[in-house]
Structures are given as C-alpha cells and as structure tokens.
Amino acid sequence: MKISAHFHRVLLLISTVVILSLSLVYSSISMAVASESSFRSWLATVESKALSSGISLNTLKTALSSVELEPRVIELDRRQLEPPLPLDQYLSRVITKDRVLVGRKKLIENRILLDSIAVRYGVQPRFLVALWGAETDFGRVTGSFQVIDSLITLIYDGRRGTFFRKELIHALRILDEGHVSIDEMKGSWAGAMGQLQFMPSTFRRFAVDFNDDGRKDIWKSHEDAFASAANYLSQSGWNYDQTWGQEVFFPEEFDRTSIRFKHRKRLSEWKALGLRPLDGRNFPSKDFISSIIQPNGAAGQAFLVYGNYRVILRWNRSHRFALSVGMLSDLIGQSVGILLE
Ligand SMILES: [Ca+2]
C-alpha cells in the first residue's frame, strides 16, 4: 500500500510538472505570437505613414514585407552608451601602419579619378582617401546589416526613434528612386551605408552620380562614392587651399585660457603669442582663422585647427574622429610629396 501511495504521489508530481511545463511552453509561444502580431500591426502604421510621405506602395511592399527585428542592432546601440576609448588608444586603432601604407597605394591607384573630383569639388585627394580609410578601411568593412531592418529595429526600440524614423523615410526614398536594390542596401548597424558610410539623410543631401549611369551608387562605384564625399565636404565649406591643422607647442607664459575650440584668432596673432609648430613643419603661409584644442586635457598634445577641421566635424561631430582623419591624410599625403598646406 505504502509503495503504491508513493508511486501515486510520484505520478501526480510528474503530471503536474508536465502540465506546468506544457503551459509554460504554450504561454511563451502565445507571447511570441502576441509580440509578433503587435510588431506587425506597429509596422502597418509605419507603412501607412511612409505611404503618406509619398513612398510608392511597390517600394513599401518590397522593403517591409520581409523586414525583421535585429537584436544585434540593439546590443550595438547600447554599447554607444559606454565611455569612449582614451584618445591615444583611439588614434592608434584608426591610424595603423597598414592603413597608411594601403592608403598611399589607394591614393596612387585612384589618382586620375580623385584629381578629376578635386577639380569639380575642390577637395584634396588625400582627405578623401583618409576618410575612406577611417570609415570603412577603404571599402573593406562597409557593414552587412540590411539597412531597412536596422532602422526599423531602432525605431521600434525607441531610444532614438524620432531620428531613425526620418532616416527610414530617406532610405525608402533612395529605394524608390532606384539607386540600389533592397538586397544591396546594406550598411552598419545604425544604417550608415556604402564606401563612406552615409546615413540615408546624408545620401539624400549630398550623394551624386559622378559616372552618369543614372544611379547614385555609393556602395560599389568609387566614382559616385568619392564624389559624394567630396560634394558633402565642399557644401559644408571645405577650402582647397587649406589643410586641417597641426600639432603645436607654446611657451610657459602662454595664456592657457585661450585654448578653447570656440576661441578663434588669426594664425599671425597666435604666432605673435609664441605658438610654434611641433613637428618641424612650417605654419601655412596664409593667415587662417584657427583655434587651439587639447583633446586630452591640459597635459596632453595641443593642435592648432583650421576651417577644414570644422568641416570634418560636420561629417562626424567627434574631435577624435576629425583628428584621426587629419593625421591620416597627412601621413597618406606625405608619400607623394604633397605640400601639407
Ligand atoms: Ca552612378
């Protein structure tokens, strides 16, 4: 009797466990179904807004019918909230010996194209090659995320939903205009696309069809990608006769309160205050308006930066990015004996 009662209790326990686990499985399935259906109905509202912004129904069907949320995008987005690398580490990651050597090779290989772009847009080739190297390692790492999936994921997540909603409309318009197919529209987790990592809004403002084939192809066409980047810089105020800046040092008695990005003086005024180039290069002969920055604090390196540095900051609002592109352009340019002025 005892054994049988025990057996009965065990049976009861097993069946309870089975029922409980079955109900857990069932509830997780129904939750997934519910969240899938709430995502699809949310997506329908996105689709109808896009339709009212003038995106064609055809493009919307192609772009959104197979869209999927991409958890990796959110993971990478959250990493943006972590503290940035110290400047030295950042610079040594971007400016590697390999990148300088490859950059020099790319500058020579693309010389004719880059020169013709320089004539039209007034941007020195070494800066375009440096940007190309900093953004995608010369087209090696352009991102393998489906741009529409990334943008939809970021909008659905909501941390920067308003920003990405606008980017999505621009991305859909790019598809609508036929510059790229949905399968080829790839980019970074945040939707930056092609050789020079243009956001969709940047594409819509600045991308050009330099090789006249009817499409602005910043993914595969070097002509279009470089010219689009040059157009971006040119329209942001780039000055062909100017470099980005250079490392400097100043005397003990120098008024350090003037070391601020917002504080601008003519180069001749800085020179009169005792500012000198650090690396043996001369200062440019023109009397540029410039500022001194010390991105690593008062004990760190000091740089005198000119108008073009401010233009690079419009491309990417990060001093470390602008510095790395400037330095890389110097190192790449030196190989072909370019006067760094
Ligand atoms: Ca083209």
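The preceding data block contains the structure.
Bear in mind that the values here come from a model prediction, so they are computed numbers and not experimental data. (Residues numbered from 1 in each chain as written. Predicted model: local features only at pLDDT ≥ 70, side-chain atom pairs only at ≥ 80, totals over all residues.)

Peer 1: Whenever I open this one, unusual backbone geometry confuses me. Can you help?
Peer 2: Most peptide bonds are trans, and most residues other than glycine sit at a negative phi. Despite not being glycine, Gln197 shows a phi value in the positive range, around 55°. Relative to the elements of secondary structure, Gln197 occurs in the loop between β2 (186-187) and α10 (200-206). One non-glycine residue, Asp212, lies in positive phi territory at about 55°. Topologically, Asp212 is positioned in the loop between α10 and α11 (222-235). (Helix = DSSP H or I, 4+ residues; strand = E, 2+ residues; numbered from the N terminus.)

Peer 1: How do you make sense of the environment of Leu76 when you look at a structure like this?
Peer 2: Here Leu76 shows up in helix α3 (residues 71-79). Given 15 C-beta atoms within 10 Å, Leu76 falls into the partly exposed group. Placed 113 residues apart in sequence, Leu76 and Trp189 show a C-alpha to C-alpha distance of 7.2 Å. (Buried ≥ 20, exposed ≤ 12 C-beta atoms within 10 Å, placed from the backbone.)

Peer 1: Can you walk me through helix α8 (residues 147-157) in this structure?
Peer 2: Since the α-helix advances by 3.6 residues per turn, residues separated by three or four positions end up pointing in the same direction. Most of α8 is tucked away: 9 of the 11 residues are buried. Where α8 is concerned, the buried positions are Val147, Ile148, Asp149, Ser150, Leu151, Ile152, Thr153, Leu154 and Ile155. One or two positions beyond α8, positive phi appears at Gly158, with a value near 95°.

Peer 1: Please explain the packing of helix α5 (residues 97-109) against helix α14 (residues 319-334) as it appears in this structure.
Peer 2: Packed helix pairs are specified by the crossing angle of their axes together with the interaxial distance, meaning the distance between the axes. Direction vectors running N to C along α5 and α14 enclose 60°, while the axes themselves pass 8 Å from each other. Judged on the interaxial angle alone, α14 and α5 are oblique. For the crossing formed where α5 meets α14, the hand is right-handed. Contacts from Arg99, Val100, Gly103, Arg104 and Leu107 in α5 reach Leu328, Leu331 and Ile332 in α14. Here the contact of α5 with α14 is built from residues that sort into 5 nonpolar, 1 polar and 2 charged. (Axes fitted to C-alpha atoms, helices over the stretch in contact; angles between N-to-C directions. Parallel < 35°, antiparallel > 145°, perpendicular 65-115°, else oblique. Left-handed = near helix turned anticlockwise from the far one by under 90°. Contact = placed C-beta atoms within 7 Å. Nonpolar A, V, L, I, M, F, W, Y, C, P; charged D, E, K, R; others polar.)

Peer 1: Which parts of the structure should I look at to understand the sheet that holds strand β5 (residues 276-277)?
Peer 2: What holds strands together in a sheet is hydrogen bonding between their backbones, with the strands either parallel or antiparallel. Reading across the sheet, the 5 strands line up as β4-β6-β7-β3-β5 and stay open at both edges, with antiparallel pairing between neighbours. Since the sheet does not close on itself, it has two edges, and those belong to β4 (265-266) and β5, each with one partner. Relative to strand β7 (residues 302-305), strand β3 (residues 245-249) is paired through 4 bridges, and the arrangement is antiparallel. Bridged to Glu247 within β7 is Phe303. (Pairing = 2+ DSSP bridges.)

Peer 1: Explanation requested: helix α9 (residues 161-176) in the structure shown.
Peer 2: Along its 16 residues, α9 runs 22 Å from first to last C-alpha, staying within 8% of the 22 Å computed at 1.5 Å per residue. Those residues of α9 lying buried are Phe164, Glu167, Leu168, Ile169, Ala171, Leu172, Ile174 and Leu175. Gly178 occupies a position one or two residues after α9 and carries a positive phi of about 80°. (Expected span 1.5 Å × (residues − 1).)

Peer 1: Help me understand the pairing of β3 in this model?
Peer 2: Where a strand is regular, its side chains alternate between the two sheet faces. Bridge count between β3 and β5: 2 bridges; the pairing is antiparallel. Across the sheet, Val248 pairs through a bridge with Pro277, a residue of β5.

Peer 1: What's the story with the packing of helix α7 (residues 125-136) against α14 in this structure? I'm lost.
Peer 2: Closest axis-to-axis distance for the α7/α14 pair is 8 Å, and the angle between their directions is 125°. In terms of orientation, α7 lies oblique with respect to α14. Relative to α14, the crossing made by α7 is right-handed. Across from Arg126, Phe127, Val129, Ala130, Leu131, Gly133 and Ala134 in α7, the residues of α14 making contact are Phe321, Ser324, Val325, Leu328, Ser329, Ile332 and Gly333. Considering only residue class, the contact of α7 with α14 consists of 9 nonpolar, 4 polar and 1 charged.

Peer 1: Could you clarify how one ought to interpret the environment of Lys61 in this entry?
Peer 2: Examined against the element boundaries, Lys61 turns out to sit in helix α2 (residues 57-64). Spatially, the C-alpha atom of Lys61 lies 8.8 Å from that of Glu47, the residues being 14 residues apart in sequence.

Peer 1: What should I look at first to understand the pairing of strand β6 (residues 289-293) in this one?
Peer 2: Counting buried residues in β6 gives 4 out of 5 residues, a clear majority hidden from the surface. Note that β4 and β6 share 2 bridges and pair antiparallel. By the bridge assignment for β6, Lys265 is matched with Ser290. Two strands pair when backbone bridges link them, and β6 and β7 are joined in this way by 3 bridges, in the antiparallel orientation. By the bridge assignment for β7, Ile293 is matched with Phe303.

Peer 1: Explain the environment of Lys49 to me, please; I cannot follow it from the model alone.
Peer 2: Topologically, Lys49 is positioned in helix α1 (residues 2-52). Residue class for Lys49 comes out partly exposed when judged on the 13 C-beta atoms lying within 10 Å of it. Separated by 120 residues in the primary sequence, Lys49 and Ile169 place their C-alpha atoms 9.1 Å from one another.

Coordinates in, geometry out; function isn't part of it.
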